[in-house]
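Understanding the architecture of this molecule
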2 protein chains.
Amino acid sequence: MNTLAEENYLKSIYHLALSSANVSTNQLAALLKTKASSVTDMLKKLADKELINYTPYQGVNLTAAGEKIAVNIIRKHRLWEYFLVEKLNFKWDQVHDMAEEMEHISSNELIDRLDKFMGFPKHDPHGDPIPDCNGLVKTHHLEPLSSIVPGQHGTICGVRNHSTMFLQYLEKQSLTIGKKIKVAETIEFDHSMILQMEGKEIQISREVANNLLIAQ
Amino acid sequence: MNTLAEENYLKSIYHLALSSANVSTNQLAALLKTKASSVTDMLKKLADKELINYTPYQGVNLTAAGEKIAVNIIRKHRLWEYFLVEKLNFKWDQVHDMAEEMEHISSNELIDRLDKFMGFPKHDPHGDPIPDCNGLVKTHHLEPLSSIVPGQHGTICGVRNHSTMFLQYLEKQSLTIGKKIKVAETIEFDHSMILQMEGKEIQISREVANNLLIAQ
DNA sequence: TTAAATTTTTAGACAAGTCTAAATTTTTAA
DNA sequence: TTAAAAATTTAGACTTGTCTAAAAATTTAA
């Protein structure tokens, strides 16, 4: 199959391609914490394997074959995260690094059985959709909380930042997946927001509101 | 921590050391399916890290630090095998290769929680003891079935050969872990045996009897 | 006990993936 | 539109873990 490094590159290209059509060498270097020159080397190899379309200086995108591999890795990552939280009682801010390792366990039979064992969950602990065994991803359309106008209601369904620090902050404020909120007021000065949740008022910064994803 | 290759060498040295005090370069090369020269290179590296005692031409054994790592990997391997069989309904002949990958997932917190989740099992699906979280291995003393004399009773508690072929054969004959048997007769000509199990008679070769481990 | 066989190590090479430094291409902005 | 800045690629080197071939040490057996 593919090496660990190849899988990580494909996964990173997939994630970056969600927000920019052609993924640049530097974007990848930043995400993978490596050097642009190393990225170039790997892009050539992935292009040789026809997993990406690569034109020098023009960035890359995944071929159908490359996307299939990337989605499969993301499926594994999210199912293992679900397992760690739901079965082993880890917190949602503790599971990322473990899942980064577990996503490379190769057996698809294993992951399909794990999926069944857990009752075919649709979302991981951070609200991200879990691709099904055919590679189908149900990408729900969610708004950042910052774009919700005062008076409107919504449900927290995802986060845009997965850092431990942000997740721990949210946990502390009880701003977790599934919570229903109402935007009470937005402060013009700093774009902070006052929310109503479970009868209480919570004030959050624009930064936080930008990174919380809401379904209305 | 240690690389994948280093972990596999330590594990192999541990397994070989169970039957021969000093493990030879060629034994390791055979088990790891690599060349003796590659083994020598790695032994130097492990000796530098003080994980093994290595004298050129004299074979190796594990230091306390090396054994601790080896036992921890074996703990992970066996707990994951138990998980695959008990929770995901794999057969005992299907889990080895998957566990070979999973044993390298680094988190000890993860494996300790997995252990708890499964109720602290004492033996893996092949009857091998699962080391506890402190690295303690309860090595039960078992006899090969071939050394049991006619008339004696016993319980199948382990296997000496873990190959898919052998495990599938045993499954087919219902010669599985926990089964109670009685040796009815041994045939002098080829050392085959006739067993009584659950009211039926089963005839097995010396080869099979040699690889079945019995508690009396 | 010594010659042959076996085991082990050494020497030199290679592939994967990374790096730094330099060269090249593209983009930006005057 | 062109010079400077930024992004990207190339060149050459390094590490890990492997290999083959040859040399050295150990064991076996006559």
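Along each chain, numbering runs from 1 in the same order as the chain's sequence is written. Chains carry letters from A onward and ligands carry numbers from 1 onward, assigned in written order. Residues qualify for local features only when their pLDDT is at least 70, as the model is predicted, and side-chain atom pairs are given and counted only at 80 or more; totals for whole chains, interfaces and linings, by contrast, use all residues. Excluded from the side-chain calculations are hydrogens and water; all other atoms, namely the structure's heavy atoms, are used.

Some details on the pattern of salt bridges
Residue and element names in this part refer to chain A. Salt bridges are defined as contacts in which a side-chain nitrogen from Lys or Arg sits within 4 Å of a carboxyl oxygen from Asp or Glu. One pass over the structure, following the stated rule, counts 16 salt bridges over all chains. Of the charged contacts, one joins lysine 11 and glutamate 103 as a salt bridge, the two residues approaching to 2.6 Å between their closest N and O atoms. One end of the pair, lysine 11, is in helix H1 (residues 4–17); the other, glutamate 103, is in the loop between helix H5 (96–102) and helix H6 (108–117), and 92 residues separate them in sequence. Of the two residues examined, lysine 11 and glutamate 103, each falls in the buried class. Among the salt bridges present, the one from arginine 75 reaches aspartate 112, with a minimum N-O distance of 2.7 Å. Each helix corresponds to a stretch of at least 4 residues labelled H or I by DSSP, and each strand to a stretch of at least 2 residues labelled E; elements are numbered beginning at the N terminus. For every residue, the accessible area (1.4 Å probe, protein chains only) is compared with the maximum for its type, and the residue is labelled buried under 20%, exposed over 50%, or partly exposed between those bounds.

Side note on the environment of aspartate 128 of chain A
Residues and elements named next belong to chain A. As for its placement among the helices and strands, aspartate 128 is situated in the loop between H6 and strand S3 (143–144). Judged by relative accessible area, which is 15%, aspartate 128 ranks as buried. In the structure, aspartate 128 is positioned 12 residues away from histidine 140 in sequence and 8.9 Å away in space, judged by C-alpha atoms. Not counting the four nearest positions on each side in its chain, aspartate 128 is found in contact with Arg78, Lys122, His123 and His162. Contacts are residue-level and defined by heavy atoms, with any inter-residue pair within 4.5 Å sufficient.

Points about helix H6 (residues 108–117) of chain B
Because the α-helix completes a turn every 3.6 residues, residues three or four places apart line up on one side. For H6 of chain B, the complete set of buried residues consists of Leu110, Ile111, Leu114 and Asp115 of chain B. For H6 of chain B, the angular spread of the buried residues around the axis is 140°, confining them to a single face. Contacts from the buried residues of H6 of chain B go to helix H4 (64–86) and H5 of chain A together with helix H4 (64–86) of chain B. Regarding H6 of chain B, its N-cap is serine 107 of chain B, as a side-chain oxygen of that residue lies 3.4 Å from the backbone nitrogen of glutamate 109 of chain B further along. Phi turns positive, to about 85°, at glycine 119 of chain B, one or two residues after H6 of chain B. An arc is given here, and it is the one of the directions from the helix axis to the C-beta atoms. Distance and chemistry together define a polar contact, namely a pair of N or O atoms within 3.5 Å, with one atom able to donate a hydrogen and the other to accept it when in protein, and with adjacent residues in sequence counting only for side-chain atoms on both sides.

A word on the domain arrangement of chain A
Per the domain assignment, the segments of chain A are domain 1 (4–62) and domain 2 (143–215). Domains are outlined according to an automatic or database domain assignment. Using only C-alpha atoms to locate each centre, domain 1 of chain A and domain 2 of chain A end up separated by 33 Å.

A few points about the packing of aromatic side chains
Centre distance within 6.5 Å is the pairing criterion for rings of Phe, Tyr and Trp, where only the six-membered ring of Trp is used; planes under 30 degrees apart are then read as stacked, over 60 as edge-to-face, and the remainder as tilted. Under the criterion given, the structure shown has six aromatic pairs over all chains. Note on phenylalanine 117 of chain A and phenylalanine 83 of chain B: the rings are 6.2 Å apart at their centroids and 90° apart in plane angle, and the pair reads as edge-to-face. Of this pair, phenylalanine 117 of chain A sits in helix H6 while phenylalanine 83 of chain B sits in helix H4, which puts the two residues in different chains. Overall, phenylalanine 117 of chain A belongs to the partly exposed group, its relative accessible area being 25%. Ring geometry for tryptophan 80 of chain B versus phenylalanine 83 of chain B: centroids 5.5 Å apart, planes at 85°, classification edge-to-face. On the criterion of helical spacing, the pair formed by tryptophan 80 of chain B and phenylalanine 83 of chain B is a turn pair, its members being three residues apart in helix H4. Of the two residues, tryptophan 80 of chain B and phenylalanine 83 of chain B, both sit in the buried class. Only when the NZ atom of a Lys or the CZ atom of an Arg is both within 6 Å of the ring centre and within 35 degrees of the ring normal do we say a charge sits over the ring. Arginine 113 of chain A extends its terminal NZ or CZ atom over the ring of phenylalanine 90 of chain B, reaching a point 4.1 Å from the ring centre.

Some points on the environment of aspartate 132 of chain A
In this fold, aspartate 132 of chain A is placed in the loop between H6 and S3. When the C-alpha atoms of aspartate 132 of chain A and glutamate 207 of chain A are compared, they prove to be 32 Å apart, with 75 residues separating the residues in sequence.

Focus: the side chain of aspartate 115 of chain B
All names here are of chain B. Here aspartate 115 shows up in helix H6. For aspartate 115, a relative accessible area of 6% puts it in the buried group. Here aspartate 115 is in contact with Arg75, Leu79, Phe120 and Pro121, once residues within four sequence places are set aside.

Some words on the relation of the copies chain A and chain B
One chain copy maps onto the other through a rotation about an axis and a shift parallel to that axis. Relative to chain B, chain A is turned by 180° and slid 0.0 Å along the rotation axis, the superposed coordinates differing by an RMSD of 0.1 Å. In symmetry terms, the pair is related by a two-fold rotation axis. Taking C-alpha positions as the reference, the residue of chain A nearest the rotation axis is methionine 102 of chain A, at 3.8 Å. Looking at the interface residues of chain A, 100% of them are also at the interface in chain B, so both copies use one shared face. All copies are superposed by least squares; the fitting set is the C-alpha atoms of residues with a pLDDT of at least 70 in both.

Topic: the packing of H1 of chain A against H4 of chain A
Residue and element names in this part refer to chain A. With axes taken as lines fitted to C-alpha atoms, and helix axes fitted only over the stretch in contact, angles between N-to-C directions fall between 0 and 180 degrees. One can describe the packing of H1 onto H4 by two numbers: an axis separation of 9 Å at closest approach and a directional angle of 95°. As judged from the angle between their axes, H1 and H4 are roughly perpendicular. Here Glu7, Leu10, Lys11, Tyr14 and His15 of H1 lie close against H4, whose contacting residues are Gly66, Glu67, Ile69, Ala70, Val71, Ile73, Ile74 and Arg78. Gly falls in the polar group here, along with every residue not listed as nonpolar (Ala, Val, Leu, Ile, Met, Phe, Trp, Tyr, Cys, Pro) or charged (Asp, Glu, Lys, Arg). The residue inventory of the contact of H1 with H4, partitioned by class, reads seven nonpolar, two polar and four charged. Here the angle decides the label: under 35 degrees means roughly parallel, over 145 means roughly antiparallel, 65 to 115 means roughly perpendicular, and every other value means oblique.

Remarks on the protein's contact with DNA strand D
Taken together, 21 residues lie around DNA strand D, and Lys44 and Tyr54 of chain A together with Thr3, Thr34 and Lys45 of chain B are the ones closest in. Restricting attention to atoms of DNA strand D within 4 Å of the protein, one finds that 72% of them are sugar or phosphate atoms. At 2.4 Å, a side-chain N or O of tyrosine 54 of chain A approaches a phosphate oxygen of DNA strand D. One of the backbone N or O atoms of lysine 35 of chain B is found 3.1 Å from a phosphate oxygen in DNA strand D. Of all the secondary structure elements, the ones that give two or more residues to the surface near DNA strand D are helix H2 (25–32) and helix H3 (36–48) of chain A together with helix H1 (4–17) and helix H3 (36–48) of chain B. When its residues are assigned to classes, the surface near DNA strand D shows seven nonpolar, 10 polar and four charged. By convention in these notes, a residue is near a molecule or strand provided one of its non-hydrogen atoms lies within 4 Å of it.

Considerations on the protein's contact with DNA strand C
Taken together, 21 residues form the shell around DNA strand C, and within it Thr3, Thr34 and Lys45 of chain A together with Lys44 and Tyr54 of chain B come nearest. In DNA strand C, atoms within 4 Å of the protein come from the sugar-phosphate backbone in 72% of cases. Here a base oxygen of DNA strand C sits 3.5 Å away from a polar atom, N or O, in the side chain of aspartate 41 of chain A. The contact in question runs from a phosphate oxygen of DNA strand C to an N or O atom on the side chain of lysine 44 of chain B, over 2.6 Å. Mapped by element, the contributors of at least two residues to the surface near DNA strand C are H1 and H3 of chain A together with helix H2 (25–31) and H3 of chain B. Ranked by residues supplied to the surface near DNA strand C, first place goes to H3 of chain A with five residues.

A look at the sheet that holds strand S6 (residues 193–197) of chain B
Backbone-to-backbone hydrogen bonds pair the strands of a sheet. The strands run either parallel or antiparallel. Residue and element names in this part refer to chain B. Read across the open sheet, the six strands follow the order S3-S8-S4-S5-S6-S7; overall the sheet is antiparallel. Taken across any chain shown, the strands that pair with only one partner, and hence form the sheet edges, are strand S3 (143–144) and strand S7 (200–204). As paired strands, S3 and strand S8 (residues 212–215) are joined by two bridges and run antiparallel to one another. When the sheet's bridge partners are listed, glutamate 143 is paired in S8 with isoleucine 214. By this definition, two strands are paired if DSSP reports at least two bridges between them.

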